[in-house]
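Spelled out from the first residue to the last, the chains are:
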Amino acid sequence: MNEILPGHVQEFVRKCQDKNLSPASIHRLTTMLSAIFSNALLNQVIFIHPCKGVVLPRIGRKPLKVITPEEFDAFFAHIEGEVFRLLVETKIESGLRWGELTELRPKDLDRQTQILTVSRAVVQLTSKFHPEGGRFLVKDYPKDGEFRRLKLSRHLVLKIAAFVLANGIGDDDLLFQMPGPNPNVPIPPPPVPPDGQEFGLTEPNANGRRYRHGTTTAYTNGRCRCAYCRAAFAHYRAKRRALGKDDPRSRRRIDTDGHIPQEWFRTNIWHPAREKADLPDDITPRVLRHAHASWLLAGGADLMVVKERLGHASITTTQRYLHTLPDADDSALTALDNIRGRSKSRTPNPKALQAQ
């Protein structure tokens, strides 16, 4: 390791660029490499950190996708189920991460002060990586490693209190639990692809062939993974297994201890509501966290308050949410129009001067 110098790491970065790796991928690889050398330096295995001073390709930041209040209202109207409507409303009004939101318990909310304490987060793992072979692991600290406290609106606190009382939820129970008496909820059958509708053709494959969307050939030969092609292929496989073909097995079940799996929520609750509201595919549950920050800043909230509310480690992360709403620059345009129109309002009318 002592023989590796900054020049070698810079050469590694250049080779990654030659292989057309994205700047983000190169940054991730270099970060892992730097962590290895930092540990070696700490333990005096090496005495020069070869990653220091290495020039990395610049990452272009894409604008954040934010849902507008009007789009959210249209989407929220299609959310089915009391527990999921409250979950979505809590997420948009708190900006919590998914692991923080689904680990909330009534004891975390002080109903008098309306203060919510975020002190835990849950992560979903494969059973072999879980200490006890389960699927959900509760961590005592959220992502930023610190407890944080934020205030909820009065109407949301009242809704949560009424929901807890109506469903007999104890202080130590999960606020948002997987529905159904059996925690191992069956995964619903695959959707049936629309019949008799034309969705166009796929992009040409390696052989230049194109296929109709919503068909198994588009999925297999065309390598298309759109919602229609995935539904067609899943339905095809389900029919064959129902007939005893293709190594039939019993319907898969979701292994959960009561926590709501994110993928199950996206598939069964989020996507159907999003499609009914006619919103684009890139509107994901994470967008609600972006929207929370954007709406606060657009409404005049202090930048540091929003930073602490969302648990950002850096103020730079919070600043990305400034001016993300479509109408964020309306005030600037109004101000520009006022100044531009000032000279016109002061210029005398030539005809009026001649009349005088």
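Residues numbered from 1 in each chain as written. Predicted model: local features only at pLDDT ≥ 70, side-chain atom pairs only at ≥ 80, totals over all residues. Heavy atoms only, no water.

**Observations concerning the packing of aromatic side chains**
Then step 1. One pass over the full model with this rule turns up 10 aromatic pairs.
Then step 2. Measuring from centroid to centroid gives 6.1 Å for Phe72 and Trp295, while their planes differ by 80°, and the two rings are edge-to-face. Here Trp295 lies in helix α10 (residues 286-298) and Phe72 lies in helix α3 (residues 69-76), a separation of 223 residues in the sequence.
Then step 3. Taking the relative accessible area as the measure of exposure, Phe72 reaches 8% and is therefore buried.
Then step 4. Residues Phe84 and Trp264 carry aromatic rings whose centres are separated by 5.8 Å and whose planes lie at 40° to one another, so their mutual orientation is tilted. Of this pair, Phe84 sits in helix α4 (residues 82-94) while Trp264 sits in helix α9 (residues 262-276), and the two are 180 residues apart along the sequence.
Then step 5. On the basis of relative accessibility, which here comes to 5%, the residue Phe84 falls in the buried class.
Then step 6. Relative accessible area serves as the criterion here: at 12%, Trp264 is assigned to the buried category.
Then step 7. Stacked on the ring of Phe76, the Lys or Arg Arg85 has its end atom at 4.3 Å from the ring centre.
Then step 8. The ring of Tyr219 has Arg225 sitting right over it, with the charged end atom 3.8 Å from the ring centre. (Phe/Tyr/Trp six-rings, centres within 6.5 Å; stacked < 30°, edge-to-face > 60°. Helix = DSSP H or I, 4+ residues; strand = E, 2+ residues; numbered from the N terminus. Buried < 20%, exposed > 50% of the residue type's maximum accessible area, 1.4 Å probe, protein only. Lys NZ or Arg CZ within 6 Å of the ring centre and 35° of its normal.)

**Points about the layout of surface pockets**
Then step 1. Roughly 320 Å³ of internal volume is contained in the second largest pocket.
Then step 2. The wall of the second largest pocket is formed by 19 residues, among which Arg97, Trp98, Gly99, Glu100 and Val122 lie closest to the centre.
Then step 3. Sorting the residues of the lining of the second largest pocket by element identifies α5 (98-101), β3 (121-124), β4 (136-139) and α10 as the ones contributing at least two each.
Then step 4. Of the residues contributing to the lining of the second largest pocket, the split by class is 8 nonpolar, 4 polar and 7 charged. (1 Å grid on protein atoms, 1.4 Å probe; cavity = no way out; pocket = protein on both sides within 12 Å on 5 of 7 lines; lining within 4 Å. Points joined across faces, edges and corners; volume = space filled by probe spheres on them. Nonpolar A, V, L, I, M, F, W, Y, C, P; charged D, E, K, R; others polar.)

**Focus on the pattern of salt bridges**
Then step 1. In the structure shown here, the tally under the stated rule is 14 salt bridges.
Then step 2. Between Arg120 and Glu103 there is a salt bridge, with the nearest N and O atoms lying 2.8 Å from each other. Of this pair, Arg120 sits in the loop between β2 (115-118) and β3 while Glu103 sits in the loop between α5 and β1 (109-110), placing them 17 residues apart in sequence. Each member of the pair Arg120 and Glu103 is classed as buried.
Then step 3. Salt bridges sharing common partners tie together Glu103, Arg105, Asp108 and Arg120. (Salt bridge = Lys/Arg side-chain N within 4 Å of Asp/Glu carboxyl O.)

**Comments concerning the side chain of His312**
Then step 1. Position of His312 among the secondary structure elements: in the loop between α11 (303-310) and α12 (315-319).
Then step 2. A distance of 2.8 Å separates a polar atom in the side chain of His312 from a polar atom in the side chain of Thr318. (Polar contact = N/O pair within 3.5 Å; in protein donor to acceptor, adjacent residues only side chain to side chain.)

**Some words on the state of the cysteines**
Then step 1. With the rule as written, the count across this model stands at 0 disulfides.
Then step 2. The thiol of Cys229 is unpaired, and the distance to the nearest cysteine sulfur, on Cys226, comes to 3.5 Å. (Disulfide = S-S within 2.5 Å.)

**Some thoughts on helix α8 (residues 227-242)**
Then step 1. The first and last C-alpha atoms of α8 sit 22 Å apart over 16 residues, in line with the 22 Å expected at 1.5 Å per residue.
Then step 2. Taken together, the buried positions of α8 are Cys229, Ala231, Ala232 and Phe233. (Expected span 1.5 Å × (residues − 1).)

**Regarding the pairing of strand β5 (residues 148-151)**
Then step 1. Burial of β5 is one-sided: the residues Arg148 and Leu150 facing one way are buried, the residues Arg149 and Lys151 facing the other way are not.
Then step 2. Sheet topology places β2 next to β5; 4 bridges connect them, and they run antiparallel. What sits directly across from Ile115, in β5, is Lys151. (Pairing = 2+ DSSP bridges.)

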